[in-house]
Amino acid sequence: LPIYISGHSPKTNQRIAKYATGMSVAFSHLNNSYKEILDPLLPYLDKEGRDISEIDRQFSTILMVARTHEEAISKAKNSWVAKKRGARDPDALLQKLLVGTPEEITHRIKTLEEQGMTHCVPSNLLVNTFEDALEQVQMFAEEVMPNFR
């Protein structure tokens, strides 16, 4: 049974190394690189006699995919999530999420994968209506997901 541990307390990496089969990282903790999140875990894995390849490395994020970059940014900034969670600095918030065209999102996911991520979970959508949500899910499924099979 996979056991994922998330969190960012000083002991989280110790718990992951000792007990977990995976780690879950929320978008809010991603700054420049997913590797920055993994590097502090490595000494704890060594201490437990484990390797990073034994840990599923999941990234939970929010999605806004659109036909153009400008449309994605505009819709994302006008979404209820951005207004609530990014009120102080929406641009900084959007840099941590999957926002852009299908090609841009594919590139972003591949970059995160190169930095060590093994599982990507777009757990929320930057939308205001159910119709927008359906459009997002369909576009992601048809234009992004096939790049990862």
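Positions within a chain are numbered from 1, following the residues in the order the chain's sequence is written. Local features in this predicted model are restricted to residues whose pLDDT is 70 or higher, and side-chain atom pairs enter the listing and the counts only when it is 80 or higher, whereas totals over whole chains, interfaces and linings include all residues. For the side-chain quantities, the full set of heavy atoms in the structure was used; hydrogens and water were omitted.

Draft legend 1. Region of the structure containing the overall build of the chain. Every helix listed is a DSSP run of H or I at least four residues long, and every strand listed is a run of E at least two residues long, numbered separately from the N terminus. Helix and strand content of the chain: eight helices and five strands. Shown N-terminal to C-terminal, the secondary structure of the chain runs as helices and strands in the order β-α-β-α-α-β-α-α-α-β-α-β-α. Dimensions along the principal axes, computed over C-alpha positions, put the chain at roughly 50 × 35 × 25 Å. Buried means the residue's accessible area, taken with a 1.4 Å probe over protein chains only, is under 20% of the maximum for its type, while exposed means over 50%, and partly exposed covers the values in between. The proportion of buried residues among the 149 residues of the chain is 38%. A separation threshold of at least 6 residues defines the contact pool for the chain, and within that pool the share at least 24 residues apart is 69%. We call two residues in contact whenever any of their non-hydrogen atoms come within 4.5 Å of each other.

Draft legend 2. Summary view of the packing of aromatic side chains. Each aromatic pair joins two rings of Phe, Tyr and Trp (for Trp, the six-membered one) with centres within 6.5 Å, and gets the label stacked for planes under 30 degrees apart, edge-to-face for over 60, and tilted for any other angle. Taken as a whole and assessed by the stated rule, the structure comprises one aromatic pair. Their ring planes at 85 degrees and their centres at 6.3 Å tell us that Tyr34 and Phe59 sit as a pair that is edge-to-face. Taken as a pair, Tyr34 in helix H2 (residues 34–38) and Phe59 in strand S3 (residues 56–65) lie far apart in primary sequence, 25 residues in all. There is no split in this pair, since Tyr34 and Phe59 are both buried.

Draft legend 3. Spatial organisation of the nonpolar core. For this analysis, a nonpolar core means a set of buried residues of the types Ala, Val, Leu, Ile, Met, Phe, Trp, Tyr and Cys, connected via side-chain atoms within 4.5 Å. Core analysis: the biggest nonpolar cluster contains 39 residues, and Met23, Tyr34, Phe59, Leu97, Val99, Ile105 and Leu126 have the highest contact counts within it. Ranked by the residues each element gives to this core, the list is headed by S3, at five residues. Every residue in contact with Ile105, bar those within four places of it in the chain, is listed here: Leu63, Met64, Val65, Leu98, Val99, Gly100, Phe140 and Val144.

Draft legend 4. A look at the side chain of Thr12. With respect to the helices and strands, Thr12 occurs in helix H1 (residues 12–19). For Thr12, a relative accessible area of 6% translates into the label buried. Every residue in contact with Thr12, bar those within four places of it in the chain, is listed here: Ile5, Ser6 and Gly7.

Draft legend 5. Quick peek at the environment of Asp91. Along the chain, Asp91 turns up in helix H6 (residues 90–95). A C-alpha to C-alpha distance of 16 Å links Asp91 and Ile105, two positions 14 residues apart in sequence.

Draft legend 6. View of the pattern of salt bridges. Whenever Lys or Arg places a side-chain nitrogen within 4 Å of a carboxyl oxygen from Asp or Glu, that contact is recorded as a salt bridge. The final tally for this structure, using the stated rule, is five salt bridges. Across the pair Asp39 and Lys35 runs a salt bridge, and its minimum N-O distance is 3.0 Å. Owing to a relative accessible area of 43%, Lys35 belongs among the partly exposed residues under this scheme. When the shortest N-O distance is used, the salt bridge between Glu71 and Lys75 registers 3.2 Å.

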